[in-house]
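Given next are the chains, with one letter for each unit.
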Amino acid sequence: MLTIIDKYILKRYLVTFTVMLLLFIPIGIVIDVSEKVNRMIENQVPFGKIAIYYVDFVVYFANLLFPIFLFLSVIWFTSKLANNTEIIAILSSGISFTRFLRPYIIGATIVSFTSLMMGFFFVPKASEGFKTFRYMYLIGNGREEMRDNTDVYRQVNDDEYIYVSNFNTMSETAFNFSYEKFKGDELDYKITANRIRWNPKKKNFTLYGFVKRTVGPLDDVIEKADEREMKFNFGFEDLTPTVYIAETLSLFELQDFIEKERKRGSANIDVYLVVLYKKYSIPVSAFILTIIAVAVSSMKRRGGMGMNLALGILIAFTFVFFDKIFGVLAEKSSIPPLIAVWIPNIIFGGLAYYLLRNAKR
């Protein structure tokens, strides 16, 4: 059962975190608009696409920066409790420091679970819209980079190969499609099309400018059609460019995709695994950062709340720095992605234990 003190602290925890998000996200939007408005005007981006982009922007950055917002909000209201001698009164009543932490842990559980579900199912869709908009309209060479990275050539299985160029995730359309089916070492048939479009409701593809060439013992058989619907052993995600594919897939889609890419011997497996493991590691960081924030800010300091906030900002950005560095190392070096992704939590988990033990004293 939650006591009055538990409810009081838990309410402050959740309200302060929510207010922190509501304050900083509009600031982030204003800064982003001021930086990108000229390019949006140059590219004549429709207002509807801009509105959808900023909805995705809010979800994407709220998920990305929630550990920092959480950390600073806990330091903020805990420092106020300490400056008002409320923590001294609570501990003087016979409540242990560990018991004092309980509402914080409950709050971290609520925030972590919410972040976990968002990362599993909602953030991927926002990431797709956010990154596609940036590549199409905002990045200087974004269209060229998309074009360079959207020439997809993949081995579907032991005897099937596909190729497309200029894939567009927004229209779910690709060009210069080629599909090759082998029997052993010999080509059985080949399908080409000028354009291929994914049909999400039917779960199949429409091929425009369809040509099928079946290799015969003496003569080849050629079929042609202006338009034809077909099902293949690959899906929409197999045509998605590698620029940001992993971040656009929900948990189960990402797991299936990684398994397929592993069977195909993809060179980008570590990149995809980093995205998968971060879905779990980032919510766990909420507990670690909450404990560090309470340990740092639960004592009165000569510099007051400003000193606690300065120390908190230093620790928060150090955590983000470690997270980014080890994420890149996992993608570019021989460090196993699982270890690299969890190293920041391990390091700061040790720091949390050390600070908590000293705070109890």
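Going by the structure above, here's the rest.
Thresholds applied
- Within every chain, residues take consecutive numbers counted from 1 along the sequence as written.
- Side-chain atom pairs in this predicted model are given and counted only at pLDDT of 80 or more, local residue features only at pLDDT of at least 70, and totals for whole chains, interfaces and linings cover all residues.
- Only hydrogens and water are set aside when side-chain values are computed; all heavy atoms of the structure are taken into account.
- In DSSP terms, a helix is any run of H or I states spanning at least four residues, a strand is any run of E spanning at least two, and both are numbered starting from the N terminus.
- Type-normalised accessible area, obtained with a 1.4 Å probe on protein chains alone, sets the label of each residue: buried when under 20%, exposed when over 50%, and partly exposed for intermediate values.
- A fitted line through C-alpha atoms represents every axis, and for helices the fit uses only the stretch in contact; the resulting angles, taken between N-to-C directions, go from 0 to 180 degrees.
- Here roughly perpendicular refers to angles of 65 to 115 degrees, roughly parallel to angles under 35, roughly antiparallel to angles over 145, and oblique to all remaining angles.
- With the far helix as reference, a near helix turned anticlockwise by less than a right angle produces a left-handed crossing, and one turned clockwise produces a right-handed crossing.
- Note on residue classes: Ala, Val, Leu, Ile, Met, Phe, Trp, Tyr, Cys and Pro are nonpolar, Asp, Glu, Lys and Arg are charged, and everything else, Gly too, is polar.
- Every case where a carboxyl oxygen of Asp or Glu lies within 4 Å of a side-chain nitrogen of Lys or Arg is listed as a salt bridge.
- Charge assignment: positive for Lys and Arg, negative for Asp and Glu; neither His nor the chain ends contribute.
- We call two residues contacting when some pair of their heavy atoms lies within 4.5 Å.
- Think of a nonpolar core as a cluster: buried Ala, Val, Leu, Ile, Met, Phe, Trp, Tyr and Cys residues, connected wherever their side-chain atoms sit within 4.5 Å.
- Pairing of aromatic side chains requires ring centres within 6.5 Å, counting the rings of Phe and Tyr and the six-membered ring of Trp. Pairs whose planes differ by under 30 degrees are stacked, by over 60 edge-to-face, and all others tilted.
- Only when the NZ atom of a Lys or the CZ atom of an Arg is both within 6 Å of the ring centre and within 35 degrees of the ring normal do we say a charge sits over the ring.
- Strand pairing is defined by DSSP finding a minimum of two bridges between the two strands.
- Take the number of residues in a helix, subtract one, and multiply by 1.5 Å to get its expected span.
- Note on bend: at a given residue it equals the angle between the axes fitted to the 7 residues ending there and to the 7 starting there.

How should unusual backbone geometry be read in this particular structure?
Note on backbone geometry: most residues besides glycine have negative phi, and most peptide bonds are trans. Here the phi dihedral of Thr85 falls at roughly 55 degrees; this positive angle occurs in a residue that is not glycine. Along the chain, Thr85 turns up in the loop between α2 (47–83) and α3 (86–92). A positive phi is found at Lys203, a non-glycine position, where the angle reads about 60 degrees. Relative to the helices and strands, Lys203 is located in the loop between β4 (186–199) and β5 (204–214). Note on Lys203: relative accessible area 53%, which makes it exposed.

Quick question: what am I supposed to make of the packing of helix α1 (residues 4–42) against α2 here?
When two helices pack together, their arrangement is given by the angle between the helix axes and by the axis-to-axis distance. Relative to each other, α1 and α2 sit at 140 degrees, their axes nearing to 6 Å. The pairing of α1 with α2 is recorded here as oblique in orientation. For the element pair α1 and α2, the recorded crossing hand is right-handed. Grouping the amino acids of the contact of α1 with α2 by side-chain chemistry returns 25 nonpolar, 3 polar and 3 charged.

How should the pattern of salt bridges be read in this particular structure?
Side chains that carry opposite charge are capable of pairing whenever their charged atoms lie near each other. Enumeration over the complete set of coordinates arrives at 12 salt bridges. In this structure, Lys131 and Glu247 form a salt bridge, with 3.5 Å as the shortest nitrogen-oxygen distance. Of this pair, Lys131 sits in helix α5 (residues 102–138) while Glu247 sits in the loop between β6 (221–230) and α7 (251–264); the two residues are 116 residues apart in sequence, bridging distant segments of the chain. Judged by its relative accessible area of 29%, Glu247 is partly exposed. Among the charged side chains, a salt-bridge network with shared partners connects Asp6, Arg99 and Arg102.

Would you explain the side chain of Asp56 in this entry?
Looking at the secondary structure, you find Asp56 in helix α2. There is no salt bridge for the buried Asp56, and the closest opposite charge comes from Lys125, which lies 8.3 Å off by N-O distance. In this view, Asp56 contacts Ala126, Gly129 and Phe130; residues no more than four positions away in its chain are not counted.

I keep staring at the nonpolar core and nothing clicks. Help me out?
Counting residues in each nonpolar core, the largest one holds 43 residues, and the members touching the most others are Tyr13, Leu70, Phe71, Val74, Phe100, Tyr104 and Ile292. If one sorts the elements of this core by residue count, α2 sits on top with 12 residues. Dropping the residues within four chain positions of it, Phe100 is found in contact with Ile9, Ile87, Ile90, Leu91, Ile95 and Val294. Within the second largest apolar cluster, 22 residues are counted, among which are Val152, Phe177, Ala225 and Phe232.

Help me understand the packing of aromatic side chains in this model?
Two aromatic rings are characterised by how far apart their centres lie and by the angle between their planes. For the structure on display, the rule yields 34 aromatic pairs. Put simply, the rings of Tyr53, Tyr54, Phe57, Tyr60, Phe61, Phe130 and Phe133 pair up and form one aromatic cluster. Note that Arg195 overlies the ring of Tyr208, its terminal NZ or CZ placed 3.9 Å from the centroid. One residue, Lys212, lies across the ring of Tyr189, its end atom 4.4 Å from the ring centre.

For this particular structure, what's the right way to read the pairing of β4?
Taken residue by residue, a regular strand's side chains alternate between the two faces of the sheet. Sheet topology note: the strand β3 (residues 173–183)/β4 ladder contains 10 bridges and is antiparallel. Across the sheet, residue Lys183 finds its bridge partner in β4, namely Glu186. Linkage of β3 to β4, two consecutive antiparallel strands, is achieved through a turn of 2 residues, within which Gly184 is found at a positive phi near 70 degrees. Pairing of β4 with β5, which is carried by 9 bridges, proceeds in the antiparallel orientation. Looking at β5, one finds that Ile196 is bridged to Leu207.

Whenever I open this one, helix α8 (residues 269–297) confuses me. Can you help?
Think of an α-helix as 3.6 residues a turn; residues three or four steps apart then line up on the same face. End to end, α8 covers 41 Å across 29 residues, agreeing with the expected 42 Å (1.5 Å per residue, within 8%). Residue Lys278 marks the point of greatest curvature in α8, where the axis turns by about 35 degrees. Judged by how many residues are buried, α8 sits mostly within the fold: 23 of 29 residues are covered.

Scope: geometric values only; no functional claims are made or implied.
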